[in-house]
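The primary structure of each chain is shown beneath.
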Amino acid sequence: MSDHEDEMMNQATARLTSTYGGLVACCANLPIPITLPSGLVTNLEIVPAVRRIEQLADEQPIPDEQQAQLYTAALLWLAAADLYKLLVTEGYVEARVGGLLGILMMTRDTLKDLGEWLLTQP
């Protein structure tokens, strides 16, 4: 891989990880907390846990908009994880890493909105 490709892959890895951290934080502060694996974890643990979020989002006693934010953040993160897996298994493609980073930007915006709402709750 070229230096640019290495840099982009490192950026993708870091953003995927930090965005997952945002999911962990939001889920821990829900009215019915969802505990996600944290610390040194693998995709074998993380991906099923994030899939569980989408199944549990509508059970949260929160407004529809915030349920949708939680659900959307989980789905977007899973889509980014799928793109990352393709990058690793099929090789580097600039458009693929660009898509991954774009999806994570949307995920972070969604988590930011949800997190701000959660902070206003008693």
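In case you missed it, the structure is sitting above this.
Model, not experiment: these values are computed from the prediction. (Residues numbered from 1 in each chain as written. Predicted model: local features only at pLDDT ≥ 70, side-chain atom pairs only at ≥ 80, totals over all residues. Heavy atoms only, no water.)

## Brief notes about the layout of surface pockets
By volume, the largest pocket amounts to about 220 Å³. What lines the largest pocket is a set of 14 residues, and nearest its centre among them are Leu16, Thr17, Tyr20, Val41 and Ile46. Counting only elements with at least two residues in the lining of the largest pocket, the list comes to α1 (3-28), α2 (43-56) and α3 (64-90). Per-element tally for the lining of the largest pocket: the top contributor is α1, with six residues. The residue inventory of the lining of the largest pocket, partitioned by class, reads eight nonpolar, six polar and no charged. (1 Å grid on protein atoms, 1.4 Å probe; cavity = no way out; pocket = protein on both sides within 12 Å on 5 of 7 lines; lining within 4 Å. Points joined across faces, edges and corners; volume = space filled by probe spheres on them. Helix = DSSP H or I, 4+ residues; strand = E, 2+ residues; numbered from the N terminus. Nonpolar A, V, L, I, M, F, W, Y, C, P; charged D, E, K, R; others polar.)

## Describing the environment of Gln60
Of note, Gln60 is situated in the loop between α2 and α3. Take Gln60: its relative accessible area is 4%, and that puts it in the buried class. For the pair Gln60 and Val93, spaced 33 residues apart in sequence, the C-alpha to C-alpha distance is 38 Å. When neighbours within four sequence positions are excluded, Gln60 is seen to be in contact with Leu30, Pro31, Ile32, Ile34, Gln67 and Leu70. Among the polar contacts listed, one links the side chain of Gln60 to the backbone oxygen of Ile32, at a separation of 2.7 Å. (Buried < 20%, exposed > 50% of the residue type's maximum accessible area, 1.4 Å probe, protein only. Contact = heavy atoms within 4.5 Å. Polar contact = N/O pair within 3.5 Å; in protein donor to acceptor, adjacent residues only side chain to side chain.)

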